[in-house]
Amino acid sequence: MNEPLANKLKPTKIEDIIGQEHLVGKNKIIYNLVKNKRIFSMILYGKPGIGKTSIANAIANEMGGNVRYLNATINNKKDFDIVVEEAKMYKGIILIMDEIHRLNKDKQDLLLPYLENGLITVIGMTTSNPYHSINPAIRSRCQIFELKSLSNDDVKMGITRAIKSGLLEGISIDENTIDYIVKLASGDLRYAYNLLEIAFYSSSDKNITIDNIKEISNKPAYIDDKNGDSHYDLLSAFQKSIRGSDVDASLYYLGRLIHAGDFDSIYRRLSVITYEDIGLANPSMGPKVASAISACERIGMPEAIIPLSSVVVELALSPKSNSAYLAINKVLSDIENGNAYSVPKHINSSAFGYKYPHDYKDAFVHQQYLPDELINRKYYIPKETSKYELLLKDMYLKRKSTKP
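Note that this is a predicted model, so its numbers are computed, not measured. (Residues numbered from 1 in each chain as written. Predicted model: local features only at pLDDT ≥ 70, side-chain atom pairs only at ≥ 80, totals over all residues. Heavy atoms only, no water.)

**Focus: the sheet that holds strand S5 (residues 143-146)**
Whenever strands of a sheet pair, they do so through backbone hydrogen bonds, lying parallel or antiparallel.
Thinking step 1. Here five strands make up an open sheet; going across it, the order is S2-S3-S4-S1-S5 and the pairing parallel. Taken across any chain shown, the strands that pair with only one partner, and hence form the sheet edges, are strand S2 (67-71) and S5. Here the strands of the sheet are splayed against their neighbours by 20 degrees on average, with no regard to which way each runs.
Thinking step 2. In the sheet, strand S3 (residues 93-98) pairs with strand S4 (residues 120-126) via six bridges, with the strands oriented parallel. Residue Ile93 lies in a different strand from S4, and its bridge partner there is Ile120.
Thinking step 3. Contacting S3 and S4, helix H6 (residues 105-116) runs over the sheet at an angle of about 120 degrees to S4. (Pairing = 2+ DSSP bridges. Helix = DSSP H or I, 4+ residues; strand = E, 2+ residues; numbered from the N terminus. Axes fitted to C-alpha atoms, helices over the stretch in contact; angles between N-to-C directions. Contact = heavy atoms within 4.5 Å.)

Right, dumping it as structure tokens:
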């Protein structure tokens, strides 16, 4: 079997993991759990190629004992039954599970009691946000750890480690080519390993050059300027320029991002800008941005630059409002500070005494909706940057001033 280089290089110790210092650095949470030989069920989530499998494998290796590997999509219920029986036999097992967000109800119901009593310790891995994609019953029994994107320095460290490992015997590669692979990888270390390995075995003399890499991957490398702007700096400048209504700067940074070729990042950032910075000042921009992204995906390059430039000009010159964004942040801050109170009885699921607004003039009747403890709390503070939000403000004040 041709075992991939990435698999051969997988860490066996926590100290060997590249990046994720906030979790596996000395005296950080996962580091200390492993060193204290006591781990709990957990979910590791983040983008592909940033270390989820590496951390899971290193934990399992250092903890020793019995370890099993399952994929929530591929493995069937019978496979899960076997793991449960093995856990009973060995009085405990570590189950490393990929794509845990795809765990169906039958498998969940099977695992839950054993997660509860600790007979099975799950290390789940997913690229999806577990707060949205994983069943609350599973989620509540696992500690959730978010992995951060790897830096260029992290990826370069991994490539250097691969070169020095002896696994690619006789390899020759210069610093510029290494840097080019780092840029292509965009924080995905697995991608970098795979590219390096293919380049090595497809070369006649084991000498890897930028031209070799370009023959393998037509993905454009991020182009940094002479001052070394990072990709994330460009995304930040792009959003800040639109927020600041500088249409020329907005188009410039759009051009830089287009040249880098990471259209997924452009689409995500445009979607964020639409609701964070334009918001209620111009709600029509939501459908417009979604339509522009859809058009780009359909027509591809080079024509995709046309809808992108059009929508960026409109976003930059649009009125701005972050009132909804500020409002939900206030709500979340309240909840995180313990202000999660009981729903008033007249609007709960078995409501008695609820007044149905559609039975009243203008489909409105004054009644209490917030919990008693927050009855006078105001989260939404209207802005006056557009005619639309002025209308919302008038309605907001009218509703708030209506007496029972």
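**With respect to helix H17 (residues 305-317)**
Thinking step 1. In a regular helix each residue adds 1.5 Å, so 13 residues correspond to 18 Å; H17 covers 18 Å between its end C-alpha atoms and thus fits that length.
Thinking step 2. Lining the buried residues of H17 we find helix H13 (231-243), helix H14 (247-260), helix H15 (263-278) and helix H16 (285-299). (Expected span 1.5 Å × (residues − 1).)

**Focus: the packing of aromatic side chains**
Thinking step 1. On inspection of all chains with the given rule, the structure shows four aromatic pairs.
Thinking step 2. Between Phe200 and Tyr201, the ring centres sit 4.8 Å apart and the planes meet at 85 degrees, which makes this aromatic pair edge-to-face.
Thinking step 3. With a centroid separation of 5.3 Å and an interplanar angle of 85 degrees, the aromatic rings of Tyr380 and Tyr396 are classed as edge-to-face. Of this pair, Tyr380 sits in the loop between helix H18 (323-336) and helix H19 (387-401) while Tyr396 sits in helix H19, and the two are 16 residues apart along the sequence. Here Tyr380 matches Tyr396 in class, with each residue buried.
Thinking step 4. Sitting over the face of the ring of Tyr31, Lys35 holds its NZ or CZ atom 5.5 Å from the ring centroid. (Phe/Tyr/Trp six-rings, centres within 6.5 Å; stacked < 30°, edge-to-face > 60°. Buried < 20%, exposed > 50% of the residue type's maximum accessible area, 1.4 Å probe, protein only. Lys NZ or Arg CZ within 6 Å of the ring centre and 35° of its normal.)

**Quick word on the layout of surface pockets**
Thinking step 1. Its volume calculated, the second largest pocket comes out at about 530 Å³.
Thinking step 2. Around the second largest pocket sit 28 residues that line it, and Gly49, Gly51, Thr53, Ser54 and Arg190 are the ones nearest its centre.
Thinking step 3. Of all the elements in the fold, those that place two or more residues in the lining of the second largest pocket are helix H1 (5-8), helix H4 (52-63), S4 and helix H11 (189-201).
Thinking step 4. Looking at the lining of the second largest pocket, its residues break down into 12 nonpolar, nine polar and seven charged. (1 Å grid on protein atoms, 1.4 Å probe; cavity = no way out; pocket = protein on both sides within 12 Å on 5 of 7 lines; lining within 4 Å. Points joined across faces, edges and corners; volume = space filled by probe spheres on them. Nonpolar A, V, L, I, M, F, W, Y, C, P; charged D, E, K, R; others polar.)

**A closer look at the environment of Asp205**
Thinking step 1. When you line up the elements, Asp205 lands in the loop between H11 and strand S7 (207-208).
Thinking step 2. Using a relative accessible area of 52% as the deciding quantity, one classes Asp205 as exposed.
Thinking step 3. Taking the C-alpha atoms as reference points, Asp205 and Ser318, 113 residues apart in sequence, are found 57 Å from one another.
Thinking step 4. A polar contact of 3.0 Å, which involves the side chain of Asp205, links it to the side chain of Ser203. (Polar contact = N/O pair within 3.5 Å; in protein donor to acceptor, adjacent residues only side chain to side chain.)

**A closer look at the pattern of salt bridges**
Thinking step 1. Counted by the stated rule, this structure contains 15 salt bridges.
Thinking step 2. The partner of Arg243 in a salt bridge is Asp277, and the shortest N-O contact between them spans 2.6 Å. Here Asp277 lies in helix H15 and Arg243 lies in helix H13, a separation of 34 residues in the sequence.
Thinking step 3. Asp277 sits in the buried class, given a relative accessible area of 6%. (Salt bridge = Lys/Arg side-chain N within 4 Å of Asp/Glu carboxyl O.)

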